[in-house]
Amino acid sequence: RLMLSQLFQPLNLQAGSEAGWEGRAGEPGCRSHRLMVQAGLIHPASPGCYYLLPPAVRAMEKLVRLIDEEMRAVGGQKLNMPSLSSAELWRASGRWEQMGPELFRLADRHGKDYCLGPTHEEAVTELVAAHSNLSYKQLPLRLYQVTRKFRDEPKPRFGLLRSREFYMKDMYTFDTSEEAARRTYELVCSAYRSLFERLGLRCVQVRAATGSIGGTTSHEFQLPADIGEDRLALCPAGHFAANMEMLDAEQTSCPTCGEKLTQSRGIEVGHAFYLGTKYSSVHNAVFYSPENKPQLAEMGCYGLGVTRILAASIEVLSTEDSIRWPSLIAPYQVCFIPPKKGSKEEQGAALLEHVYDEVAEALPHLAGDAVLDDRTQMTIGKRLKDANKLGYPYVVIAGKRVCEDPPVFEVWDQSSGEVLYLTKEGVIELLSKVQVP
């Protein structure tokens, strides 16, 4: 059994939202940051860098499994590229100078320059170019990784929403023609929309600038949120959406239906770029056509901020003092709360443990997803309050009715806000519907 007292999750749930966080260096400046620190999900290490504690890693691993499913569905193959990238690669593309102070730069003992990769266009293109006998029959190639990225943010803030070291899923695609590359673009954008739908997050795909990545077409995936750093212009009927940086000052109405555009703020959680031959021409990433002629591959790149999605989902779904997770990626699905030690329902503790064991046996996919809150010196009410703040999708309590025959358990269902009274069989039946990636 997984005992709450043994989890490395230092709880600081009593620090209220009015604790004067704002303004103190490194202190949380938004809801998700504050809640994640209080719930023992993250711990600050240095500006823009965080320890991800075990529950946050569980949530992230579930999110990565969902991303893997969506990437496999569009023909993605997973690889891993070095974080340490040679300056020569970046000089060849012109980005060593262009990226400026955003790159973390370092030199090895031989005086060779490197950077810590904020993105991997150069590296992946060099890798594909090294396989010089690539045939058109082997394309499209859709290569992706989930890895740590580094960016020397001038002002890291909002916890995992804008940090200097973060996890990202980046996919790089190689196609035989512009037409094929644009089909890939649509396919991957559709996979992103599917991911956010599965997470139950309202995500808007908006036209965006190509920035330092380059290319000719680009879309961001934005979660509307008041603290978002991007300003968005949206058609109320859904015909048009763009980052405000894409619009000129005169454009206030939808180009499709003429409706007045509404403005909102958003947190960028994903980005797609059609790159064309910007990188393949530099590194000579070619394939051989049916006529056996070398041709430059047409490329695209696609990023998802993995740690940023964790924080952004908490930002948009939670209340001021209680975390709400997309249910698929909650670190633990169920919390069992036995009676207080010395209470008249104390005999219910053994019955609840029995239910815990039967759930693990009947529903093996939930075996590692159930926590027993063994802090029995505390009242049920106090532990229920903590469970609510931590955002377990289900809480099963051995309360007053546990002494009935048959015993009845109190079950809190966070997604619907309902409280159900169920027998052991009812509890198992309810939890059998829970999905874990």
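Residues numbered from 1 in each chain as written. Predicted model: local features only at pLDDT ≥ 70, side-chain atom pairs only at ≥ 80, totals over all residues. Heavy atoms only, no water.

## Things to note about the UniProt feature "domain: Aminoacyl-transfer RNA synthetases class-II family profile" (unreviewed entry) in the chain
UniProt's feature table lists "domain: Aminoacyl-transfer RNA synthetases class-II family profile" (unreviewed entry) at residues 61–326, given in the numbering used throughout. Taken end to end, residues 61–326 is 27% helix and 31% strand, and its first and last C-alpha atoms sit 14 Å apart. (UniProt positions renumbered as here; feature names shortened; annotations may be inferred. Helix = DSSP H or I, 4+ residues; strand = E, 2+ residues; numbered from the N terminus.)

## What to know about helix α8 (residues 306–317)
For α8, spanning 12 residues, the distance from its first C-alpha to its last is 17 Å, which sits close to the expected 16 Å at 1.5 Å a residue. Buried residues dominate α8, accounting for 10 of its 12 residues. The complete set of buried residues in α8 reads V306, T307, R308, I309, L310, A311, A312, S313, I314 and E315. (Expected span 1.5 Å × (residues − 1). Buried < 20%, exposed > 50% of the residue type's maximum accessible area, 1.4 Å probe, protein only.)

## A look at the side chain of E153
You can see E153 is positioned in the loop between β7 (141–150) and β8 (165–175). E153 sits in the buried class, given a relative accessible area of 9%.

## Side note on helix α9 (residues 348–362)
Given 3.6 residues to a turn, an α-helix orients residues that are three or four positions apart in the same direction. With 15 residues, α9 extends 21 Å from end C-alpha to end C-alpha; this agrees with the ideal 21 Å at 1.5 Å per step. Within the sequence span of α9, burial applies to G348, A349, L352, V355, Y356 and V359. Down the axis of α9, the sector holding all buried residues measures 120°, keeping them to one side. α9 presents A350 and E361 as exposed residues on the side facing more than 90 degrees away from its buried surface. Each element contacted by the buried residues of α9 is listed here: β17 (334–337), β18 (370–372), β19 (394–397), β20 (409–413) and α11 (424–431). (Arc of directions from axis to C-beta. Contact = heavy atoms within 4.5 Å.)

## Comments concerning the pattern of salt bridges
The final tally for this structure, using the stated rule, is 27 salt bridges. Among the salt bridges present, the one from D357 reaches R1, with a minimum N-O distance of 2.7 Å. With D357 in helix α9 and R1 in the segment before α1 (31–38), this pair connects stretches of sequence that are 356 residues apart. A relative accessible area of 30% means that D357 is categorised as partly exposed. A salt bridge links R95 to E121; the nearest nitrogen and oxygen atoms lie 2.8 Å apart. Of this pair, R95 sits in helix α4 (residues 95–98) while E121 sits in helix α5 (residues 121–130), placing them 26 residues apart in sequence. Considered together, R95 and E121 belong to a single accessibility category, that of buried residues. (Salt bridge = Lys/Arg side-chain N within 4 Å of Asp/Glu carboxyl O.)

## Comments concerning the sheet that holds strand β4 (residues 84–86)
With respect to topology, 3 strands assemble into an open sheet ordered β4-β6-β5, the strand pairing being antiparallel. Each edge of the open sheet carries a strand with a single partner, namely β4 and β5 (104–107). Neighbouring strand axes in the sheet, compared pairwise and without regard to direction, differ in orientation by 35° on average. Where β5 lies against strand β6 (residues 113–116), 4 bridges are found, and the strand directions are antiparallel. By the bridge assignment for β6, L106 is matched with Y114. (Pairing = 2+ DSSP bridges. Axes fitted to C-alpha atoms, helices over the stretch in contact; angles between N-to-C directions.)

## With respect to unusual backbone geometry
For residues that are not glycine, phi is negative in most cases, and the peptide bond is trans in most cases. A cis geometry characterises the amide bond from L139 onward to P140, with omega recorded as 5°. In this structure, P140 sits in the loop between α5 and β7. Between D405 and P406 the backbone carries a cis peptide bond, its omega angle lying at 0°. In this structure, P406 sits in the loop between β19 and β20. We note that F158 has phi near 60°; this positive angle belongs to a residue other than glycine. Note that F158 resides in the loop between β7 and β8.

## Details of the sheet that holds β17
A sheet is described by the order of its strands in space; here 5 strands give the open sequence β18-β17-β19-β20-β21, paired in mixed fashion. The sheet terminates laterally at β18 and β21 (418–422), the two strands that pair on one side only. Going from strand to strand, the sheet's axes swing by 20° on average, the running direction of each strand aside. Where β20 and β21 come together, 5 bridges link them in antiparallel fashion. Paired with D413 across the two strands is E418, which belongs to β21.

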